[in-house]
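# Tertiary structure, described
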Amino acid sequence: MRHMDDVMMNEQQVPKDSKLPKVTIMDQPYTDKFSLDEALKKGTLFPNLYDPYMVSKHY
Amino acid sequence: MWIYEKKLEYPVKVDTTNPALAQMIMEQFGGADGELAAGIRYLTQRFVMPTKESIAILTDVGTEELAHWEIIETLVWKLVKDAPLDKIKGTPFEAHFAAHGRSPFPGNAGGHPWTAAYIQSKDDPITNLYEDMAAEQKARSTYEYLIQLSDDPGVTDTLKFLREREVVHFQRFGEALMGVQEYKDTKKYL
Amino acid sequence: MIEDNKENYGEVNSEHTNYEDLLLEIQKFEFATVDLNLFLDTHPDNQRALNDYNMYTVELSKLKKEYRLKFGPLANFGSAPSMSPWQWVETPWPWEV
């Protein structure tokens, strides 16, 4: 599973004629699917978009 | 046009009566980073999108956000509908009760009514899509705080579902941004 | 919270014991179509996604037909016919389930 921050990469090589920095979002490949039970419970059909939240025990 | 389906997107179960928790969940009902803001924002911005795919994603995510607004409304209602007065007094919900009784009302956790000042729509699809990606991150963070606050297992399940939807929407708006950027780049050279 | 029903890929259990069970099946299939709909909006040429969307949509239609025959219209404004008296007002509202 990927963390949300992994999907965004700063494009370091800016084309010469482009004035503004650009961000690149990685395209989601269509691979596996959860079962319908799991998908509804988890909130997505796609394992590669699943980002489970664990409450930190720090506090 | 919107037609209405008589079911929630998610099978919401609420295990307790808890007006204080309901008051906090209102942050996603009528707050700055909540579902109403998201739905209205996307459905307003879609008019200036330059590609049919980007119009579609704003229309469809906007529609899904209104379905989420309905889920939040249901969570709040189920948490308060059976609350006797002595379970309301002394909680943050007491102020809401003074103005509205047990009826839901689109305001944030602090009781501030919803306003279109929470959203932006500019005649610039790049600007709009960056706002939308930020909105999804803000909503995700807010759900994380609410998950920390919730001690009702049914409510927590629902909040986790809604949080994951924000993760998915962020990805979709990112893809839409790539598509719109590419469209604008190719147009430049035609 | 969600029952761990065994999902039959492409086969829908056509007998549901009660209102809540049928609604849950509809929620499962419709949610799959929602997530696929959003994917297709940004990937309109993905044939696998389209095939899956259509497959779930066909199963969803069967479930909605079962709902309609047992309980009346699931949606308003001409989505489905109603028996008499007007069934739309009779079925539980979503927060009552």
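Bear in mind the structure is a predicted one, so any value in this text is a computation, not a measurement.

We now examine the overall build of chain B. Looking only at helices and strands, chain B features eight helices and zero strands. When the helices and strands of chain B are listed from N to C terminus, the series reads α-α-α-α-α-α-α-α. Its C-alpha atoms give chain B a radius of gyration of 18 Å, near enough to 16 Å, the size a compact globule of 190 residues would have. Seen through its C-alpha atoms, chain B measures out along the principal axes to roughly 70 × 30 × 30 Å. Per-residue burial for chain B yields a buried fraction of 48% across its 190 residues. A separation threshold of at least 6 residues defines the contact pool for chain B, and within that pool the share at least 24 residues apart is 78%.

A separate point is the overall build of chain C. Check the secondary structure of chain C and you find two helices and zero strands. Taken across its 97 residues, chain C has 28% of its residues classed as buried.

Let's shift gears to the nonpolar core. Membership of the largest hydrophobic core comes to 65 residues, with the highest contact counts inside it found for B:A22, B:I25, B:L75, B:V76 and C:A32. Of all the elements in the fold, those that place two or more residues in this core are helix 1 (36–42) of chain A, helix 1 (19–25), helix 3 (35–45), helix 4 (52–80), helix 7 (125–149) and helix 8 (153–188) of chain B together with helix 1 (19–42) and helix 2 (47–71) of chain C. The biggest single contributor to this core is helix 1 of chain C, with eleven residues.

Another aspect to go through is the interface of chain C and chain B. On the chain B side, the residues contacting the 23 residues of chain C number 27 residues. The class makeup of the residues in the side of chain C that touches chain B is 15 nonpolar, six polar and two charged.

As a packed pair, helix 4 of chain B and helix 1 of chain C sit with axes 8 Å apart at the nearest point and diverge in direction by 160°. As far as their axial angle goes, helix 1 of chain C and helix 4 of chain B are roughly antiparallel. Between helix 4 of chain B and helix 1 of chain C lies a crossing whose hand is left-handed. Contacts from B:E53, B:A56, B:I57, B:D60, B:V61 and B:E64 of helix 4 of chain B reach helix 1 of chain C at C:V34, C:N37, C:L38, C:D41 and C:T42.

Our next topic: unusual backbone geometry. Residue C:S84 is joined to C:P85 through a cis peptide bond whose omega torsion reads -5°. Mapped onto the elements, C:P85 comes out in the segment after helix 2.

At the junction of the two partners, chain C supplies 14 residues and chain A supplies ten residues. When residues of the side of chain C that touches chain A are traced back to their parent elements, those giving at least two are helix 1 and helix 2 of chain C. Here the residues of the side of chain C that touches chain A are counted per class, giving six nonpolar, three polar and five charged.

Attention now goes to the environment of B:F93. Along the chain, B:F93 turns up in helix 6 (residues 93–100). Every residue in contact with B:F93, bar those within four places of it in the chain, is listed here: B:P19, B:A20, B:A22, B:Q23, B:V80 and B:I88.

Moving on to helix 7 of chain B. Over its 25 residues, helix 7 of chain B extends 36 Å from the first C-alpha to the last, a length consistent with the 36 Å expected when each residue adds 1.5 Å. Within helix 7 of chain B, burial applies to B:P125, B:N128, B:L129, B:D132, B:M133, B:A135, B:E136, B:A139, B:R140, B:T142, B:Y143 and B:L146.

Attention shifts here to the packing of helix 4 of chain B against helix 8 of chain B. All names here are of chain B. Two numbers describe how helix 4 lies on helix 8: the axes approach to 11 Å, and their chain directions differ by 165°. Judged by the angle between their axes, helix 4 and helix 8 are roughly antiparallel. Of the two elements, helix 4 crosses helix 8, and the hand of that crossing is left-handed. Between helix 4, through E53, S54, I57, V61, H68, I71 and L75, and helix 8, the contact on the second element is made entirely by V155, T158, L162, R165, H169, R172, A176, G179 and V180.

Turning next to the environment of B:Q137. Residues and elements named next belong to chain B. Summarising the element assignment, Q137 is placed in helix 7. Owing to 14 C-beta atoms within 10 Å, Q137 belongs among the partly exposed residues under this scheme. Sequence separation of Q137 and R46 is 91 residues, and the distance between their C-alpha atoms is 20 Å.

Bringing the confidence of the model for chain C into the picture now. In the predicted model, chain C carries a mean pLDDT of 88, and the fraction of residues at 70 or more is 82%. Interface confidence for the predicted complex, given as ipTM, is 0.96, next to a pTM of 0.90.

Let us look at the environment of B:G39. Residue and element names in this part refer to chain B. Note that G39 resides in helix 3. In sequence terms G39 and V14 are 25 residues apart; their C-alpha atoms lie 24 Å from each other. If we skip the residues at most four places from it in the chain, G39 touches G62, E65, L66 and W69.

Conventions and cut-offs
Residues numbered from 1 in each chain as written. Chains lettered and ligands numbered in written order. Predicted model: local features only at pLDDT ≥ 70, side-chain atom pairs only at ≥ 80, totals over all residues. Helix = DSSP H or I, 4+ residues; strand = E, 2+ residues; numbered from the N terminus. Rg over C-alpha atoms; globule rule 2.2 N^0.38 Å. Buried ≥ 20, exposed ≤ 12 C-beta atoms within 10 Å, placed from the backbone. Contact = placed C-beta atoms within 7 Å. Core = buried A, V, L, I, M, F, W, Y, C linked by C-beta atoms within 7 Å. Nonpolar A, V, L, I, M, F, W, Y, C, P; charged D, E, K, R; others polar. Axes fitted to C-alpha atoms, helices over the stretch in contact; angles between N-to-C directions. Parallel < 35°, antiparallel > 145°, perpendicular 65-115°, else oblique. Left-handed = near helix turned anticlockwise from the far one by under 90°. Expected span 1.5 Å × (residues − 1). pLDDT = per-residue confidence, 0-100.

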